[in-house]
Amino acid sequence: MAPIVFHGNDIWELPRSYRALVSRSATLFPLTVSSYSAGALSTLGLAPILPPSIAPDWRTTLIEESRRRRPPAAVPTVLSVFRLPAWEGKGLPVLVEALAAIRQRTGPVRLVVAGRGPIPGSLRDFASAHPELELHENPDDHFLASLYGEADLFALCTRTMPPSSGEGYGIVLLEAQLAGCPVVGPASGGSYDAYQEGLTGVTPANESSEALAVVLSDLLTNRPRLARMSGRAAELAVATTDPAEYTRKAITALTGTPPADRPHPGVPEQRVAVNRLPEGLTQG
């Protein structure tokens, strides 16, 4: 058996011939990262859900950052993290527009954007026209963790636009919560699975800048609520990404049976099973 994990664009851009191959082969089976993606793959059959997790060292770094969270600054900070070449699809223009409306009513709000580069010329031009936007290209783990720790609120505003159809999951939402930062997720897509609505994050009513401004304003002007959400975000994200529990989830998704319910194989069977694992699953 060979599992195929579908993350996002590979679902929307999957050629018909590949769909036919996966749906008809007895040795191939799809897995995906969220309930939204599982629905999009329904034509291939029932796809078990295996959400992404966080590398142990990176997880520890983010948890340590959550324990060092500073008192809120006078000027609140909103952070967004994504691949910088995809800045338009990740909704940066809408986020900038929403924050501009908020500043007119409530005062200054700092906007920080970080991610893997290179920074395209179009984004440089956009940033030049919006001096309130602070860009960080290719931050190392230590600096990125500090950005998560300093932010009052994290926002991922991925658009539903061809050829994509929204965020498949949004692992940066999980990273932010590990660092104790509440999140605002995209209005559509699979990110609902990455946080708990109203407890660790909030979802806009739609993809408009007006709807985004409503949720951002409600949170940024209610510091006690943000503080409560910060503590819950860190607590729930730590539990969600526990390595032992994630191993159990992975085995269940790959075999269809929880580890405790499976018979213990003999040594020859163990060797055969290990030899059949996909590359990477035998590491660590």
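What counts, and where the lines are drawn
- Here, residues in each chain are numbered from 1, in the same order as that chain's written sequence.
- At least 70 in pLDDT is required for a residue's local features to be given in this predicted model, at least 80 for side-chain atom pairs to be given and counted, and no such filter applies to totals for whole chains, interfaces and linings, which use all residues.
- As a convention, hydrogens and water are excluded, and side-chain values are obtained from all of the structure's heavy atoms.
- Put simply, DSSP marks the helices as runs of H or I at least four residues long and the strands as runs of E at least two long, and each gets a number from the N terminus on.
- This radius of gyration counts C-alpha atoms alone. The globule rule is 2.2 Å times how many residues there are, raised to the power 0.38.
- By definition in these notes, contact holds between two residues if any of their heavy atoms fall within 4.5 Å.
- Only the protein chains shown count as covering a residue, and every accessible area follows the Shrake-Rupley method with a 1.4 Å probe.
- Each residue after the first adds 1.5 Å to the expected span of a helix.
- Fitting a line to C-alpha atoms yields each axis, with helices limited to the stretch in contact; the angle taken between N-to-C directions then spans 0 to 180 degrees.
- With respect to orientation, any angle under 35 degrees is reported as roughly parallel, any angle over 145 as roughly antiparallel, any angle of 65 to 115 as roughly perpendicular, and every other angle as oblique.
- Each crossing gets its hand from how the near helix is turned against the far one by less than a right angle, where anticlockwise is left-handed and clockwise is right-handed.
- Lys, Arg, Asp and Glu make up the charged group, whereas Ala, Val, Leu, Ile, Met, Phe, Trp, Tyr, Cys and Pro make up the nonpolar group; the residues left over, Gly among them, are polar.
- Buried Ala, Val, Leu, Ile, Met, Phe, Trp, Tyr and Cys residues form a nonpolar core when they are joined through side-chain atoms within 4.5 Å.
- Classification of residues uses two cut-offs on accessible area relative to the type maximum, computed with a 1.4 Å probe and protein chains only: under 20% is buried, over 50% is exposed, and between them is partly exposed.

Trainee: I'd like a description of the overall build of the protein chain, backed by residues and values.
Mentor: The secondary structure content of the protein chain amounts to 12 helices and eight strands. Relative to a compact globule of 284 residues, whose C-alpha radius of gyration would be 19 Å, the protein chain shows 20 Å and is just as compact. Taking contacts inside the protein chain between residues at least 6 apart in sequence as the whole, the part at least 24 apart equals 66%. Accessible surface computed for the protein chain: about 14300 Å², of which carbon and sulfur atoms make up 55%.

Trainee: Could you give me a rundown of helix α5 (residues 92–106), with the residues and numbers involved?
Mentor: Taking 1.5 Å of rise per residue, the 15 residues of α5 would be expected to cover 21 Å, and the 21 Å separating its terminal C-alpha atoms lies within 8% of that figure. Buried residues belonging to α5 abut β3 (77–81), β4 (110–115), α6 (121–129), β5 (133–137), β6 (153–155) and α9 (209–220). With its phi angle positive at about 105°, G107 sits one or two positions after the end of α5.

Trainee: Quick one: what's the story with the packing of helix α4 (residues 56–67) against helix α7 (residues 141–150), residue by residue and with numbers?
Mentor: Between two packed helices, the angle of one axis relative to the other and the distance separating the axes together describe the packing. Contact geometry for α4 and α7: axes closest at 9 Å, N-to-C directions at 40°. Compared by their axis directions, α4 and α7 come out oblique. As for how α4 packs across α7, the hand of that crossing is right-handed. For the pair formed by α4 and α7, the contact residues are W58, T61, L62 and E65 on the first element and D141, L144, A145, S146, Y148 and G149 on the second. For the contact of α4 with α7, a count of residues per class yields five nonpolar, three polar and two charged.

Trainee: For the packing of helix α8 (residues 171–178) against helix α10 (residues 223–240), give the residues involved together with the corresponding values.
Mentor: Following both chains from N to C, one finds α8 and α10 inclined at 120°, their axes separated by 7 Å at the closest point. Relative to α10, the element α8 lies oblique. Classified by chirality, the crossing of α10 by α8 is left-handed. Between α8, through L174, Q177 and L178, and α10, the contact on the second element is made entirely by A233, A234, A237, V238 and T240. When the residues that make up the contact of α8 with α10 are grouped by side-chain class, the tally is six nonpolar, two polar and no charged.

Trainee: Mind laying out the nonpolar core, listing which residues take part and the relevant values?
Mentor: Judged by nonpolar contacts, the single largest core of 32 residues is most densely connected at L92, L95, L111, L212 and L216. Where this core is concerned, the elements lending two or more residues are α5, β4, α6, β6, α9 and α10. Ignoring sequence-local partners within four residues, the contact set of L216 consists of L95, A98, L99, I102, L153, A155 and V184. Ranked by size, the runner-up nonpolar core spans 28 residues in total, among them L144, Y148, L173 and A237.

Trainee: Outline the environment of V214, listing residues and values.
Mentor: In this fold, V214 is placed in helix α9. Among the residues examined, V214 registers a relative accessible area of 46% and is labelled partly exposed. A sequence separation of 116 residues divides V214 from A98, and the C-alpha atoms of the two residues are 8.4 Å apart.

The analysis is restricted to geometry; functional conclusions fall outside its scope.
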